[in-house]
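Coordinate inspection notes
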Amino acid sequence: MEKIDRLSAIETIGLITTVMVNQIIFNIPNIILQSSGSSAWLNIIFIGIIAILFVKIICQIFNKFPNQDIVDVAKFAGGNTFKTIVGIIYMLFFLIYNIFCISYFANALLLIYFPSTPVIVLIMLFIFPIMIMAKYGLKSISSVNLVFIPFVLLSVFILFFGSADNFVFERLFPILGLGIKETFLYGLTNLFSFLGLAYLFFINPYLKDSKDFKKISYISVIISFIYLFLAIFCLLLSFSFITSNEQLFSLYLLTRLLQFGNFLQRVDAIFILLWIFNTFCFCSFGCFYIMQIFKKLTNIKNSKILIYPLSAITFCGALVFNNIASIKYITQFFYKYISLPIIFILSPIILILANLKYKKQKKG
């Protein structure tokens, strides 16, 4: 039997924050700016409030199921068949998201720094550390992550405020951007920017104290909201427009604006290096979840044997996408039409059904 790693509140907050920051790095601000225009900052405040209310509801429901994740709750709500369906859906979710992230980052590095390097080499350089970290377990991932996440957060924070000299506040107008409907009604689809909430649904069994779940959830979503708002705000004020054809990370565009004196003018490489480490931690976290869900569905004794087939599948999947434009198009579809229903429709339905069954059994 594998030993279950237990995480402290600070380790868990670090991991969930890594997921959220990775989304900001992974061009989510670009998508929101395209859909909302100059009202993107207002849209983020709106969906941020909804995300916090969503977390409040989820925490209340999860109180009935301490030390259980969403797959365990699905089994309670609908039996083994329902558990298997939900488990497969989430395994595919984490796998596809990892593939998109690795492929996008590798192709971005190819475009920026290594135009003559085969993309297969760059993908392999991502796969190896990610799988090694996943193999050594959640405690190892969280320990490595705690070393890098403060620097990643600080780097993004410096990036935001270092670009202040380029702000043009007139770009905030018109305040409602493309219109009220686009900001508040159609803009609801931008809830996908809190995709990191999916990782909270599986963290309960690994907490040292299940009572920390509520605190961890609130702190994580608030940090995510602050950083997402700052990213949108800075990009909106720094650039007159960001087109859908822009191939690079939107945050990378901000790094090109920074200069620290005459001796340190190209600081973008420092930011990219930190973001690579963040990607390692994020993707290994997702790989760990995939292995644990598979173990739960099949009752295998040691999930670590899955690391090799999982590496091969991730590697082959990342090779499928050979340019950033195709990755961006498919990723946007994945965000809005797959991840959004899974996180904000399917998962709450599972929890509500389990809660109703729990109350019914308690009364009976």
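Residues numbered from 1 in each chain as written. Predicted model: local features only at pLDDT ≥ 70, side-chain atom pairs only at ≥ 80, totals over all residues. Heavy atoms only, no water.

1. With respect to the environment of L42
Structurally, L42 is set in helix α3 (residues 40–62). Of the residues examined, L42 reaches a relative accessible area of 18% and is grouped as buried. Residues L42 and L176 lie 134 residues apart in sequence; the distance between their C-alpha atoms is 7.8 Å. Once you skip the residues sitting within four places of it in the chain, L42 turns out to touch I175, L176, T183 and F184. (Helix = DSSP H or I, 4+ residues; strand = E, 2+ residues; numbered from the N terminus. Buried < 20%, exposed > 50% of the residue type's maximum accessible area, 1.4 Å probe, protein only. Contact = heavy atoms within 4.5 Å.)

2. Brief notes about the nonpolar core
Ranked by size, the top nonpolar core spans 134 residues in total, and within it Y90, F93, L197, Y199, F201 and L251 carry the most contacts. For this core, the element with the highest residue contribution is helix α4 (residues 70–112), accounting for 22 residues. Non-local contacts of L197, meaning those with residues more than four positions away in its chain, are made with M20, F54, V55, V221, I343 and F344. (Core = buried A, V, L, I, M, F, W, Y, C linked by side-chain atoms within 4.5 Å.)

3. Considering the environment of R6
Mapped onto the fold, R6 is located in the segment before α1 (9–25). On the basis of relative accessibility, which here comes to 33%, the residue R6 falls in the partly exposed class. Separated by 197 residues in sequence, R6 and I203 place their C-alpha atoms 9.8 Å apart. Excluding residues within four positions of it along the chain, R6 makes contact with E11, N67, K139, P205, Y206, L207 and K208. Within the structure, the side chain of R6 is placed 2.3 Å from the backbone oxygen of P205, a separation counted as a polar contact. (Polar contact = N/O pair within 3.5 Å; in protein donor to acceptor, adjacent residues only side chain to side chain.)

4. Structural notes on unusual backbone geometry
Here the residue pair F173 and P174 is connected by a cis peptide bond, since its omega of 0° sits within 30 degrees of zero. By secondary structure assignment, the location of P174 is in the loop between α6 (138–162) and α7 (180–185). The backbone of N67 shows a phi angle near 60°, a positive value even though the residue is not glycine. Locating N67 in the fold gives a position in the loop between α3 and α4. Taking relative accessible area as the criterion, N67 reaches 42% and is therefore assigned partly exposed. Of note in this structure, N299 is not a glycine but carries a positive phi near 65°.

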